[in-house]
Structure formats: structure tokens, C-alpha cells
Amino acid sequence: MRWMRVATAVVAMGTGLLVPAVGHAEDEEKDDDKKPSLTGGYDEKNGFHIQSEDGNYLLGIGLQAGYKLEPVFLDGKAESRTAFSFLRPILRGNIYRPWIRFWTSLELADPPIYLLDSLVEIQPIDEVGIRAGQQYTPLSRHESWGPQQILFPEFSTIANYYWTGRDKGVTIFGTMEHLEYYVGIYGGSPLRSIRSEPGKYQFNARATFSPMGKPGYGELPYIMSGDKEPPPLNVSFTLQGAGGEVTQVKENFNPESGVFQILREGDRRFITGGVDLFIQARRFSFFGELYYSRTDPQDASQNFSSFGAWVQADYVFYKKVLDAAVRLSFLNPSFDLDDDLLYIAEAQLGWFVNAPHLAFKLRYQLAHQEAAAGAEAASVVIPKDAGTSQLITLQLNLAF
């Protein structure tokens, strides 16, 4: 190519040799015609990237970040707080064909740095694709969206409680006009562990039905509709489930070594089922999930069942920029415990300066977690510290 010929001439001069800069120019022009050149820059679809002229090779960089100020009070006493909801650099693109995609992301908000996702997708047609590697498991449509696609500063506490997390495995998926489906099998291993646990596994299945056609972008369909006028009504719903045998773990930070230690707290079998419902009526939207789970701790503890649900609603009251929202959550971690219920109420004002790339969110949360006496002995996980907590979150979301 031309820049290579100039570079050759410069190098030759530096060594004392005289080499014509335009030697075999006609032959090289012919080679140039055969080799696709690179283009790059920024656009809405690919972000910051470089790619071949035919689009078969693409390399992009990205960032998902949530910077926050968040005073937290538990029973009136100030608690520790963090400065980041998430901080994820991303390397993504496609190779050989646009339908052979790769994605690798790290998490910096919870040191030390660890691998969040590293996956490859092969999807020659929209109806059938396969995803392999360390990935987000598909239980919960809400959890499958990126942090820039959700309404509140972070994911729902109830969805987090039942979600099967990130794991190493394979997912088969596809998208059609009225159906989106996922089926996967995974190693049942902790996120920070580089190896799958022997004898452990978990499976996921999710099907989202959209009888009125595909819904809009994430939980921000009206804000992200651009110049298009959204439909007067759109409804979709999901049936989802998961199960398997996994090791219950707890991460403990060791300040002497500067690393997280994965503390294994016993094996458990589980099966979880859930549904969701999404409704959009122009500026108004509603979304919620409901879960039921049965858990066998695989030790002296008894089997137990749990139930959780959460709903949120929002209204875009100024252009496609200002939004008001509420979210309500309820969890009963075990039907066998008398005082383990969790209640959460949240209200938010959102300023979507340039969604999904730049947004400010101001949220107030009031939560009450009952004492949950006997939960540890019964191998029941309690998501929050006992008591009444309040927090105010001012968060800046940045994504590209």
C-alpha cells in the first residue's frame, strides 16, 4: 500500500541505500486493489472501532461505567459505600465474517481485576446462534441487558438473588419477530474461578414472546426510539427456568495477599422457575418479574422453597430526556423461616442526556430486611443486613 512504499523509502535512506520509493508501483497498485483497506472512527452501531472495508473484520473498544455518590444508612447509622456501580472496559468485534463475533470484558469496580465475560458467538442467521465461553447466563431478561439498558442505577435485588450469574458453558439462542429463545448448559463454577467445579452443572432456558412484534431497546424503549414514533402499545412476556447442582460460595477479600478467596459453603441442588411481563404504551412502561425456587442444600439442612417478585414503572415526562420511575420488591427467602422477609421501595428521577451513552440518575431507596433468625443453620441466603436501610444514589452512567 502507499504508506508502506513511503516507509520503505524512508528506511532505505536511513541505511544509506538509495531505493526508489515508487519501484514496481504498477504491481503494487494492483495488489492494493485486491487488499481491503481499513476504516475506523466512531458510529452508533460499532462505537470506537477499526474495520476492514468489507466489514468482515472489526475490532472495537468500549466502556460501561457507573460513577456514583451514595450515602447509606442502616437503622440510622452511616454505612460504608462504594464509588462505582460497575467499571467495565470491553474488547469486541468480529472476525472472518460479521456473524462470527467475540466479546471480552473485565470488571474494575470490585478489585482485584477479574474476567467478567469472554465469549465467541457464531450466528449465521438470526434464528439460530451458538455462544461459547464465560458468559452471562440467560435466566432473567432483566439481567441479560447491559447496565446502560436498564432503568435504575443497578439491577434489581430480587433478580440478582435468583439469577444464575456468569458461568462457563454453551448457549444456543435465536431471535424471530415474535420469539426470542435461549437454552444453555454451564459448568456451575464461581465467577472468579478459572476452572469448572468437578461434578457441578447448571442449565438455563428462557423464551420471550412478543405477540405485537419486538419491543424497543432494553428498559428505555421510548427514550431510545429516536425519530421514530413508538407503537401505541407493545406487550411481551417471558417463561424462564434454571436448575442444577452447584457449590454455594462466598467471596472473602484477603488484605494480606490482595486477592479474593472463594469460600465453599457446601453443595446444593436447585430448580427455579419464573415469568416476566413488559408493557410499553408510548411514554409509559411497566416491567416486572416473579420467581419461585426449590433448594436442596445437600447437607443436614432441610429442603426449602422461596418466592420473590419485583415490578417497576416509569413515565417519560419531558421529550425523550426526563423520566420518573418507581420500583417495588419483595422476597421470602424461605417459607420455613418466620422472620426473613425483605421489602424494598425505590423512586427515581432520570436525566438521559444522550441515551444510552450518557445519563444521570437520582434514586432514593428504602429497604427493610427482617432478622432471619436461623437462616445460616438452614443454609438460606439472606440478601441484605437485618434492619431498615436508606440510601440516596446520584449516578453518572457512561457507555460506548
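**Student:** Looking at this model, I keep getting lost on a nonpolar patch on the surface. Mind explaining?
**Tutor:** On the surface, a nonpolar cluster with roughly 1000 Å² of combined accessible area is contributed by L69, F284, Y315, F317, Y318, L349, L362, Y364, L366, I392 and L394. Of all the secondary structure elements, the ones that give two or more residues to the nonpolar patch are β16 (304-318), β19 (358-369) and β20 (387-399). The topology assignment puts L394 in strand β20. By relative accessible area, L394 is classed as partly exposed at 40%.

**Student:** Whenever I open this one, the packing of aromatic side chains confuses me. Can you help?
**Tutor:** The description of an aromatic ring pair uses the distance of the two centres, along with the angle that the planes make with each other. Scanning all chains against the criterion turns up 14 aromatic pairs. Ring geometry for Y162 against Y291: centres 4.9 Å apart, planes inclined by 10°, an arrangement best described as stacked. Placement of Y162 in helix α4 (residues 157-162) and of Y291 in strand β15 (residues 284-296) is noted, with a sequence separation of 129 residues between them. Exposure class is identical for Y162 and Y291. Each is buried. Each member of the aromatic cluster is reached from another via a ring pair, and the members are W145, F278, F287 and W310. Positioned above the aromatic ring of Y96 is the side chain of R97, whose terminal nitrogen or guanidinium carbon lies 4.4 Å from the ring centre. The positively charged end of R327 is found above the aromatic ring belonging to F152, 4.4 Å away from the centroid.

**Student:** Looking at this structure, I do not really get the nonpolar core. What am I missing?
**Tutor:** With 19 residues, the main nonpolar core has L139, I158, Y162, F287, Y291, W310 and L331 as its most contacted residues. Within the residue set of this core, elements represented by two or more residues are α4, β13 (234-254), β14 (259-281), β15 and β18 (342-354). Not counting the four nearest positions on each side in its chain, Y162 is found in contact with L139, T272, Y291, S293, S306, F307, G308 and L331. Core analysis: the second largest hydrophobic core is formed by 10 residues, L220, Y222, I223 and A355 among them.

**Student:** What exactly am I supposed to notice about the pairing of strand β8 (residues 114-125) here?
**Tutor:** Across eight bridges, the pairing between strand β7 (residues 97-107) and β8 is antiparallel. Bridge pairing in β8 links R101 to E121. The antiparallel hairpin formed by β7 and β8 contains six residues in its connecting segment. Relative to strand β9 (residues 128-136), β8 is paired through six bridges, and the arrangement is antiparallel. The residue of β9 that forms the bridge with L119 is G133. Counted along the chain from β8 to the antiparallel partner β9, the turn is two residues long.

**Student:** What exactly am I supposed to notice about the pattern of salt bridges here?
**Tutor:** For side chains bearing opposite charge, pairing can occur when the charged atoms are close. This structure, assessed with the given rule, holds 14 salt bridges. For R131, the salt bridge goes to E121, with nearest N and O atoms at 2.6 Å. Remark: E121 occurs in strand β8 and R131 occurs in strand β9; sequence separation between them is 10 residues. A salt bridge links R363 to E346; the shortest N-O distance between them is 2.6 Å. Taken together, the positions of R363 in strand β19 and E346 in strand β18 put the pair 17 residues apart, joining distant regions of the chain. As far as the burial class goes, R363 and E346 line up, both buried. A single network of salt bridges, built from pairs that share partners, joins K68, E70, E154, R327, E346 and R363.

**Student:** What exactly am I supposed to notice about empty space enclosed by the protein here?
**Tutor:** A water-sized probe, rolled over the atoms, reveals where empty space remains. Overall, the coordinates contain two cavities of 30 Å³ or more when judged by the stated rule. Estimated volume of the largest cavity: approximately 50 Å³. Listed by contribution, the elements that provide at least two residues to the lining of the largest cavity are β15 and β16. Residues that form the lining of the largest cavity fall into these classes: six nonpolar, two polar and four charged. Approximately 40 Å³ is the volume found for the second largest cavity. Residue lining of the second largest cavity: Q148, L220, F352, A355, P356, A359, K361 and N397, and that is the complete set. When the residues that make up the lining of the second largest cavity are grouped by side-chain class, the tally is five nonpolar, two polar and one charged.

Cut-offs applied
- Residues numbered from 1 in each chain as written.
- Predicted model: local features only at pLDDT ≥ 70, side-chain atom pairs only at ≥ 80, totals over all residues.
- Heavy atoms only, no water.
- Patch = residues over 30% accessible without salt bridge, like charges linked within 9 Å, V, L, I, M, F, W, Y side chains within 5 Å.
- Areas by Shrake-Rupley, 256 points an atom, 1.4 Å probe, with all protein chains shown as cover.
- Salt bridge = Lys/Arg side-chain N within 4 Å of Asp/Glu carboxyl O.
- Helix = DSSP H or I, 4+ residues; strand = E, 2+ residues; numbered from the N terminus.
- Buried < 20%, exposed > 50% of the residue type's maximum accessible area, 1.4 Å probe, protein only.
- Phe/Tyr/Trp six-rings, centres within 6.5 Å; stacked < 30°, edge-to-face > 60°.
- Lys NZ or Arg CZ within 6 Å of the ring centre and 35° of its normal.
- Core = buried A, V, L, I, M, F, W, Y, C linked by side-chain atoms within 4.5 Å.
- Contact = heavy atoms within 4.5 Å.
- Pairing = 2+ DSSP bridges.
- 1 Å grid on protein atoms, 1.4 Å probe; cavity = no way out; pocket = protein on both sides within 12 Å on 5 of 7 lines; lining within 4 Å.
- Points joined across faces, edges and corners; volume = space filled by probe spheres on them.
- Nonpolar A, V, L, I, M, F, W, Y, C, P; charged D, E, K, R; others polar.

None of this, on its own, says anything about what the molecule does.
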